[in-house]
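Structure assessment
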Amino acid sequence: MRRKGHGAVAPSAQSSSPEFKIVPDERTNSLVVLAGPVQMRQIKDLVAKLDLRPPNDTAKIHVYHLKNAQALEMVQVMGHDIRRYFTGVFAAGSGLAGLGGCKLTRRVPPVSEEVLGDQIGQLRRQRAPWTPCTGQPQAGDYVVVSLTVLEDGEPQEPKRYELVLGEGRALPDVEARIMTLSPGETGETEIQLPDDFPDAAKRGQRRVVRLTLHEAKRQELPALDDAFAREAGDFDSFEALRAAVRHDLEQEAAREADADVRRQALEQIVAANKLEAPRPLVERLLATYAQAYEIPDERLEKFAAEFRPMAEAQVRRDLVLDFVAEQQQLKATEDELDQRVAELARRRNADQAQVYASLQKAGRLKDLERQITEEKIFAYLLQQSTVTEA
């Protein structure tokens, strides 16, 4: 089944393509600019930032002292990257000049019995009580252990850990040794320090560790019957619980399908424009990621290499969305923000002013505004695209 987007289109969407042209006039030392209103504002802002009056109007070299950015990166931005941004995004004939050509496929996979069973199994484990076990633990059991590293035969400071065996939170050799112990017992084993060990000099080295099992517990899984359904929620029977879980999974699958459609649209627009992510923006985003994940300095290089593709994709995504929002005048309005806050207040059964103040204090109003803007952007993009239901 195919469906074509319909609905009102913003006036700017029906204007001519956003072509601009800049011609230098050496005789008058001026720039002749042919551009639409959006591009004209941006070009004026850029020129205003660069065309500063030198002292006594005599200097031929302008020196700009940067407070935050690196000079080399700024050169790249003002040179290659900004030029590519303007020519690749705003120039006539680019994919962004004709946003109606996206051909997208929406796939909503059916919820299988296996997926449904896994989800109900999670609910079952969440409701299952933990009871002490006296024998050797096994996969799925909760344990409390102390681990002591022996350096040249000398024990170091022991560390206490709580984990569920089989979830991959400990080295396989460590878990295997724990499962040979009973509560109260101590044993030793040799391990190889992993590649992400905090002390880089010791990575890959072998060490003997001493393990003490303090406590082990095992879950008693409840029967999957009507009583379990009533305990899990407001359900009269186990079949009603299954139906509700299936519905939730189907809703989640639909949301993921919608997200994939949005991803396809962005990928097609980026590919049509051969849009590259400006390096300084990527580096800044990587620094934000590293700070959020609290990456130590010695791991920054490896972290940046692993996360660079993600950061580049995010930068390209933001460039496209920001352009469409500006071109089509889709930025969230104050009224729309107020309406969204009112909706949140109704859901929480709270006062709207209190919810607004709480969001403002937490610095989340900007995030909410961005969310509304992106919803409007993707609604516009899908209106201009052909979506095939697979």
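Anyway, here's the lowdown on the structure attached to this text. Predicted, not measured: the structure shown is a model, and the values here were computed from it.

Cut-off values and rules
- Residues numbered from 1 in each chain as written.
- Predicted model: local features only at pLDDT ≥ 70, side-chain atom pairs only at ≥ 80, totals over all residues.
- Heavy atoms only, no water.
- Helix = DSSP H or I, 4+ residues; strand = E, 2+ residues; numbered from the N terminus.
- Contact = heavy atoms within 4.5 Å.
- Areas by Shrake-Rupley, 256 points an atom, 1.4 Å probe, with all protein chains shown as cover.
- Core = buried A, V, L, I, M, F, W, Y, C linked by side-chain atoms within 4.5 Å.
- Buried < 20%, exposed > 50% of the residue type's maximum accessible area, 1.4 Å probe, protein only.
- Axes fitted to C-alpha atoms, helices over the stretch in contact; angles between N-to-C directions.
- Parallel < 35°, antiparallel > 145°, perpendicular 65-115°, else oblique.
- Nonpolar A, V, L, I, M, F, W, Y, C, P; charged D, E, K, R; others polar.
- Expected span 1.5 Å × (residues − 1).
- Phe/Tyr/Trp six-rings, centres within 6.5 Å; stacked < 30°, edge-to-face > 60°.
- Lys NZ or Arg CZ within 6 Å of the ring centre and 35° of its normal.
- Patch = residues over 30% accessible without salt bridge, like charges linked within 9 Å, V, L, I, M, F, W, Y side chains within 5 Å.
- Salt bridge = Lys/Arg side-chain N within 4 Å of Asp/Glu carboxyl O.
- Lys, Arg positive; Asp, Glu negative; His and termini not counted.
- Charge placed at Lys NZ, Arg CZ, Asp CG, Glu CD.
- Polar contact = N/O pair within 3.5 Å; in protein donor to acceptor, adjacent residues only side chain to side chain.

1. Structural notes on the overall build of the chain
Secondary structure summary: the chain contains 11 helices and 11 strands in total. Taking contacts inside the chain between residues at least 6 apart in sequence as the whole, the part at least 24 apart equals 66%. Only carbon and sulfur atoms are counted for the fraction: they give 50% of the accessible area of the chain, which is about 25200 Å².

2. Things to note about the nonpolar core
Nonpolar side chains tend toward joint burial in soluble globular proteins. Grouped together as the largest cluster of nonpolar side chains are 32 residues, with contacts concentrated most on Leu286, Tyr289, Val320, Val324, Ile377 and Leu381. Looking at this core, the elements with two or more residues in it are helix 6 (238-273), helix 7 (279-293), helix 8 (300-327) and helix 11 (365-383). Listed in part, the 15 residues of the second largest apolar core include Val143, Val145, Leu147 and Leu213.

3. Points about unusual backbone geometry
Non-glycine residue Asp152 carries a positive phi angle of around 55°. Among the structural elements, Asp152 can be located in the loop between strand 6 (142-151) and strand 7 (154-155). Accessibility expressed as a relative area gives 80% for Asp152, which makes it exposed.

4. What about the packing of helix 6 against helix 8?
With their axes 10 Å apart at the nearest point, helix 6 and helix 8 run at an angle of 90° to one another. With respect to helix 8, the axis of helix 6 lies roughly perpendicular. Of the residues in helix 8, those touching helix 6 at Leu266, Ile269 and Val270 are Arg316, Arg317, Val320 and Leu321. Class assignment of the residues belonging to the contact of helix 6 with helix 8 gives a composition of five nonpolar, no polar and two charged.

5. Description of helix 7
Compared with the 21 Å implied by 1.5 Å per residue over 15 residues, the 21 Å span of helix 7 between its first and last C-alpha is a close match. Just downstream of helix 7, Glu294 is the residue with a positive phi angle, here 55°.

6. A few points about the packing of aromatic side chains
Aromatic ring pairs: the centre-centre distance and the angle between the two ring planes describe each pair. As enumerated under the stated definition, the model contains five aromatic pairs in all. Three or more aromatic residues joined by ring pairs form one cluster here, namely Tyr289, Tyr293, Phe303 and Phe307. Positioned above the aromatic ring of Phe378 is the side chain of Arg262, whose terminal nitrogen or guanidinium carbon lies 5.6 Å from the ring centre.

7. Description of a negative patch on the surface
Together, Asp225, Asp226, Asp234 and Asp236 make up a region of like negative charge exposed at the surface. Of note, Asp236 is situated in the loop between helix 5 (226-232) and helix 6.

8. Describing the environment of Lys217
Note that Lys217 resides in strand 10 (residues 206-219). The exposure class assigned to Lys217 is partly exposed, which follows from its relative accessible area of 24%. In this structure the C-alpha to C-alpha distance between Lys217 and Thr134, which are 83 residues apart in sequence, comes to 8.6 Å. For Lys217, the side chain forms a polar contact with the side chain of Glu215, separated by 3.4 Å.

9. Digging into the pattern of salt bridges
Tallied over the full model, the rule gives 27 salt bridges. The closest approach of N and O atoms between Glu239 and Arg242, which form a salt bridge, is 3.8 Å. Here Glu239 and its partner Arg242 are both found in helix 6, three residues apart, which amounts to about one turn of the helix. Given a relative accessible area of 53%, Glu239 falls into the exposed group. Residue Lys366 is joined to Glu369 by a salt bridge in which the shortest nitrogen-to-oxygen separation is 3.9 Å. With Lys366 and Glu369 both in helix 11 and three residues apart, the pair spans about one turn of that helix. With a relative accessible area of 63%, Lys366 lands in the exposed category. With relative accessibility at 27%, the residue Glu369 sits in the partly exposed group. When salt bridges that share partners are traced, they join Arg317, Asp318, Asp322, Arg370 and Glu374 into one network.

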